[in-house]
Structure formats: structure tokens, C-alpha cells
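Descriptive analysis of the structure
The chain contents come next:
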Amino acid sequence: MTAFDYRDGELAAEEVPLAEIAARFGTPCFVYSRAAIESAFRRFDSAFGIRDHLVCYAVKANANLAVLNILARLGSGFDVVSGGELLRVIAAGGDAAKVVFSGVGKSEAEMRQALERGIRCFNVESASELDRLDAVAGRVGMRAPVSLRVNPDVDAKTHPYISTGLRENKFGIAFDDALALYRHAASRSHISVRGIDLHIGSQIEGLAPHVESAQKALVLVDRLAADGIRLEHIDFGGGLGIRYRDEETVDPYEYAFAILRLVGNRPLQLIFEPGRFLVGNAGLLLTRVEYLKRGTERNFAIVDAAMNDLLRPALYDAWHGVCAVRARPTPSRLWQIVGPVCESADFLARDRDLALEEGDLLAILSAGAYAMSMSSNYNSRPRAAEVVVDGKSAHLVRHRETPEELFERESLLP
Ligand code: LLP
């Protein structure tokens, strides 16, 4: 299924021309396809067939309530990393009993809130966190369901900023310390040991890092069982890469085949935390060319979206496809697609061969994941609108911020 395609020379989202969306909701604007999200979820989920499993969408990829609701309606669970994300999931109709809580810095208030909401599991990342959780659960008179996030020391071979499974990273419990910490956890009166958790990085292109870390985790699962600590689930985290340009990607069926073979008939529920795979290619950022500035060295197309809307190019040198919403026959040239923010790192794409005129609409592709969710108000720029297209209908699911909203929490000195 192609969510975004040309119809009569005009780029459309499902059945709605993007020019119509720009006219109705303005630019910059994120546009998501409901059908694309649903189809990615079904591809991932069905790959595990009838094996007991739970997909917990990583909310950080795109936390818009409408996106969460689309996934909740399909039965998705959620991986959250803050109290704020948990509240979003609940507000979007998600089921707290299908929520896992990851992250290295859970506060006491977040722990209490998650316990009271009845989440499925805490993915605990350190010995201190385990002790704090035990104490907090004791105070509310509950037992906290726990998985230990183990750091398998596997190279995910992805961008260093999004690699998480190496010994040098801040994430998880060192593999060699895990056994002792499990024994300690099993002895605590307000902790209930449920599983083991992994997440080695994001935008992983090959299968090998997933296999290597799963193998290591299963060795631990078996050692624990021999010790009388029987786990109910294994959470493999997220990380499946998507195609931004020409990357090799792992098909969910290949991934599932490898995981299912490794797990064999161990009586474990399988949990996954995909983020980017479910939403990354289901969204684009619609922007308008404000000015064309031709120079002797470089030509700049200054658009109305910027690094505050899509940080990935500035932060990771990430590549996003750029398409003209209405292709022009006029001769093309190489453009630097840049925003109005006062930073030289404010670029969305470099050296793109396009035929452009001022006022043209451009689509920055693969902007469904880690785009709006990483946006900011830098330069006092109101955040973009968000629209979900569903067949012939376009729904505004987040209104464009107003400049006044940006300073409504501030006050002058008396
Ligand atoms: N589970 C945990 C514990 C995570 O930390 C993450 C992502 C995921 C699941 C989902 O990973 P995914 O399936 O989306 O790869 N801002 C970066 C990506 C950071 C990912 C952080 N953790 C980017 O724009 O590429």
C-alpha cells in the first residue's frame, strides 16, 4: 500500500491531495496516513501468528493522541518512558494493562502513578531503581511487576546517538550483574519478577544484532529457570529500521522467523516495542517554499519548516526524501532545503535536484517517527499542525500553536 502517491501529477495522502491539506490547515503541517499505520501494525503483529505476543508501540516515536488511538483500536500495547506518555496513552483509549514502562530515570511520582494505573511491567534499568520501586510499591501496598533491562553488549551498528546496547551506553543492567540482581529482586517483598527486557538501538538495518542479543538473553532466561526464577515474558525492545533512502531493511516476517526459532517452545510471552517501523513511513512534513536564494556556491530553498519541526537532519545528519507536491517540467538545479531558524545546522535536506519556484509545496518524507515528537519552539516558532488522512477525509488532530500560547505560562516581574 502506498500511502503517499501522485494522482494526476499531484502528490496525495491516500485520497486527499496535499495541496488541499495545505490550503485547509496551512504549512508547515505533518500529515499521517491512517491506512499506512494500520498496515504497518498488521504486518508486524501478524508475523508472530498465533504465538502469545504483545506489540507495545514505543510512544516516543509519535505521541499524538489520534495516532495512539489508531493503534489502541488495533489492540496495541504501549511502551512509555515518562508519566506524561502514560497519561497520553490513557487519554487516547489505551489499556494500562498493556503498558510497559522503560527508561533509566523513573521518578517516584512516575512509579506511583504507573502502579496505581495498573501497568503491565516496569523495565528496570539499575539496582538503585529496583530498590526505589520496591520502596514505592511498599508505600502504596502493591507488588510492582518487573523486568530487568539487560544490556547485552551487542553492537547494533547504527548511529552512535541511537545505539543503546553497548557496555559503554547508559542503558540497562550489565549482563554479568543480571543474575545477582534477579536473585535480589526475587527476594524483595514488593517486587514481582516477570520478565527480561532488551533494546539495543534504533534504525537497525540487519538481523544479526537482534539475533545476537536474543541469544544472550535466552541464555540468561535458562540460567534463571535453573535457579527457580521462571520468567513469564521476554521483551525484545524495538529497533527495526525503515527505508529512508536505500537502506537494507529487515522484513518483520524474517525478524519473527528468527526470533521464534530462537525462543523455541520456552513458555514465554513475547513482547516487542517497535516505534519507527509502525509510523515512520506513515507520515510526511508538508512545507512551502518561501524564498529561493541562488548563490555562486550553493542554491538555498528557504521553506517554512525548520529544524525545530524536524531535528533529525541537524542532529544525526539524517537523510529524508523530498518531493515536489506538484512536479514542474522546468529545469531543475541542486538545492539546499533550509528553514528560517538562525543556525547553519538548520537544514532539512542537502543537494536535492528539484525544479522549484517560490510558493511551491514540498513533502519531506518519512516524517512520521521522531519528527513532531522531537520538535521544539526554538526561535519562538509555534509547533506545526498535525493531520491524519483516512481515505477521502483529512482530520486536524493537533491545531497549529499560536505565538501567544508559547508565552502564556510566562510572567513579568512585579
Ligand atoms: N524501546 C525503547 C526502550 C526505546 O528506547 C526505543 C527508542 C524504542 C523501543 C523504539 O525504537 P524504534 O523501534 O523506534 O527504533 N530520535 C532517534 C531515535 C531514538 C530512539 C530512542 N529509543 C531518531 O530520530 O532516529
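Sequence order as written defines the numbering, with residues in each chain counted from 1. Local features in this predicted model are restricted to residues of pLDDT 70 or higher, and side-chain atom pairs are both shown and tallied only at a pLDDT of 80 or more, whereas totals for entire chains, interfaces and linings draw on every residue. Values reported for side chains reflect all heavy atoms of the structure, with hydrogen atoms and water molecules removed beforehand.

**Considering the overall build of the chain**
Assigned secondary structure in the chain consists of twelve helices and 21 strands. Only the C-alpha atoms count toward the radius of gyration. The rule for a globule is 2.2 Å times the residue count to the power 0.38. For 414 residues, the compact-globule estimate of 2.2 N^0.38 gives 22 Å, and the C-alpha radius of gyration of the chain, at 23 Å, lies within 12% of that figure. The C-alpha extent of the chain, read off along each of the three principal axes, is 70 × 60 × 40 Å. Only protein chains enter the accessibility calculation, which uses a 1.4 Å probe; a residue whose area is less than 20% of its type maximum is buried, one above 50% is exposed, and one in between is partly exposed. Split into buried and exposed, the 414 residues of the chain put 55% on the buried side. Secondary structure elements are defined from DSSP: runs of H or I of at least 4 residues count as helices, runs of E of at least 2 residues count as strands, and each element is numbered from the N terminus.

**A short note on the site of the ligand**
Taken together, the neighbourhood of the ligand is formed by 19 residues, with Ser-202, Glu-273, Arg-312, Tyr-316 and Tyr-370 sitting nearest. Between the ligand and Asp-79, the relevant distance is 3.3 Å, taken from a nitrogen atom to a side-chain nitrogen or oxygen of the residue. Think of a polar contact as two N or O atoms within 3.5 Å of one another; within protein, one of them needs to be a possible hydrogen donor and the other a possible acceptor, and neighboring residues in sequence only count if both atoms come from side chains. Within the backbone of Gly-275, an N or O atom sits 2.9 Å from an oxygen atom of the ligand. Lining residues are those with an atom within 4 Å of a point, where the points come from a 1 Å grid over the protein atoms alone and group into cavities, where a 1.4 Å probe fits but cannot get out, or pockets, open sets with protein on both sides within 12 Å along at least five of seven lines. Placement in a cavity or pocket follows one criterion, namely that more than half of the molecule's atoms lie within 2 Å of its grid points. Applying the majority rule of atoms within 2 Å of the grid points places the ligand in the largest pocket. All the domain ranges listed were derived from an automatic or database domain assignment. Each of domain 1 (4-32 + 280-407) and domain 2 (34-276) gives at least three residues to the shell around the ligand. Nearness of a residue to a molecule or strand requires only that one of the residue's heavy atoms be within 4 Å of it.

**With respect to the domain arrangement of the chain**
Segmentation of the chain into domains returns domain 1 (4-32 + 280-407) and domain 2 (34-276). Spacing between the C-alpha centres of domain 1 and domain 2 amounts to 32 Å. Taken together, the 23 residues of domain 1 in the interface contact 20 residues of domain 2. Among the residues of domain 1 in contact with domain 2, Tyr-316, Trp-319 and Tyr-370 are the three that bury the most area, contributing 32% of the side total. For salt bridges, the criterion is a side-chain nitrogen of Lys or Arg within 4 Å of an Asp or Glu carboxyl oxygen. Summed over the shared surface of domain 1 and domain 2, the number is one salt bridge. Across the salt bridge formed by Asp-390 and Arg-34, the nearest N and O atoms sit 3.1 Å from each other. Only heavy atoms matter for contacts: two residues are in contact if any of them lie within 4.5 Å across the pair. Put simply, buried area is how much 1.4 Å-probe accessible surface two parts lose in total, over both of them, once they are put together.

**A few points about the environment of Leu-311**
Here Leu-311 is to be found in the loop between strand 15 (299-303) and helix 11 (312-316). Residue classification places Leu-311 among the partly exposed positions, given a relative accessible area of 22%. The spacing of Leu-311 and Ala-185 is 126 residues in sequence and 39 Å in space, taken between C-alpha atoms.

**Description of the side chain of Ser-102**
Its location among the elements puts Ser-102 in the loop between strand 7 (99-101) and helix 5 (108-117). A distance of 2.6 Å separates the side chain of Ser-102 from the side chain of Asp-79, its partner in a polar contact. Excluding residues that lie within four positions of it along the chain, Ser-102 makes contacts with Asp-79, Val-80, Val-81, Asn-123, Glu-125 and Glu-273.

**Considerations on helix 9 (residues 252-263)**
The span you would expect from a helix comes to 1.5 Å times its residue count less one. Between its first and last C-alpha atoms helix 9 spans 16 Å; for twelve residues at 1.5 Å apiece the expected length is 16 Å, and the two agree. Within helix 9, the full set of buried residues consists of Pro-252, Tyr-255, Ala-256, Ala-258, Ile-259, Leu-262 and Val-263. An end-on view of helix 9 places all buried positions within 165° of arc, on one side of the element. Structural note: helix 9 exposes Phe-257 and Arg-261 on the side pointing more than 90 degrees away from its buried face. At the N-terminal boundary of helix 9, the capping side chain belongs to Asp-251, with an oxygen 2.8 Å from the backbone nitrogen of Tyr-253. Within this analysis, the arc is defined by the directions that extend from the helix axis to the C-beta atoms.

**What to know about the environment of Val-124**
Examined against the element boundaries, Val-124 turns out to sit in strand 8 (residues 121-124). Leave out the neighbours within four places in its chain, and Val-124 touches Lys-106, Glu-129, Leu-130, Leu-133, Val-146, Ser-147, Leu-148, Arg-149 and Ile-173.

**As for empty space enclosed by the protein**
Grid points are joined across faces, edges and corners, and a volume is the space filled by probe spheres set on the points. Per the stated rule, a full pass over the model turns up two cavities of 30 Å³ or more. In this structure, the largest cavity spans a volume of roughly 40 Å³. If you go around the largest cavity, the residues you meet are Leu-198, Ile-200, His-210, Ser-213, Phe-236, Tyr-255 and Ile-259. Those elements that place two or more of their residues in the lining of the largest cavity are helix 8 (208-226) and helix 9. Looking at the second largest cavity, its volume works out to about 30 Å³. Lining the second largest cavity, in full, are Phe-44, Gly-237, Gly-238, Gly-239, Leu-240, Tyr-255 and Pro-274. For the lining of the second largest cavity, a count of residues per class yields four nonpolar, three polar and no charged. Three categories are distinguished: nonpolar for Ala, Val, Leu, Ile, Met, Phe, Trp, Tyr, Cys and Pro, charged for Asp, Glu, Lys and Arg, and polar for the others, with Gly belonging to the last.

**What about helix 4 (residues 83-91)?**
What helix 4 keeps buried is the set Gly-83, Glu-85, Leu-86 and Val-89. All buried residues of helix 4 lie within an arc of 160° about the axis, which places them on one face of the element. Packing partners of the buried residues in helix 4 comprise helix 3 (65-73), strand 6 (77-80), strand 7 and helix 5. Following helix 4 by one or two positions, Gly-93 has its phi on the positive side, about 90°.

**Considerations on the packing of helix 6 (residues 127-139) against helix 7 (residues 175-187)**
When two helices pack together, their arrangement is given by the angle between their axes and by how far apart the axes lie. Lines fitted to the C-alpha atoms define the axes, with helices restricted to the stretch that makes contact. Angles between their N-to-C directions range from 0 to 180 degrees. Relative orientation of the contacting elements helix 6 and helix 7 amounts to 5°, with a least axis distance of 11 Å. Between helix 6 and helix 7, the crossing angle belongs to the class labelled roughly parallel. For the pair helix 6 and helix 7, contact is made by Ala-127, Leu-130 and Asp-131 and by Leu-181, His-184 and Ala-185, respectively. Of the residues belonging to the contact of helix 6 with helix 7, the class tally is four nonpolar, one polar and one charged. In these notes the angle categories are as follows: under 35 degrees is roughly parallel, over 145 is roughly antiparallel, 65 to 115 is roughly perpendicular, and the rest is oblique.

**As for the pattern of salt bridges**
If you walk through the whole model with that rule in mind, you get 18 salt bridges. A salt bridge links Asp-360 to Arg-328, with the shortest nitrogen-to-oxygen separation between them at 2.7 Å. Taken together, the residues Asp-360 in the loop between strand 18 (347-354) and strand 19 (361-364) and Arg-328 in the loop between strand 16 (322-324) and strand 17 (333-338) connect sequence positions 32 residues apart. Here Asp-360 falls in the buried class, since its relative accessible area comes to 10%. Residue classification places Arg-328 among the partly exposed positions, given a relative accessible area of 33%. Salt bridges sharing common partners tie together Arg-34, Glu-38 and Asp-390.

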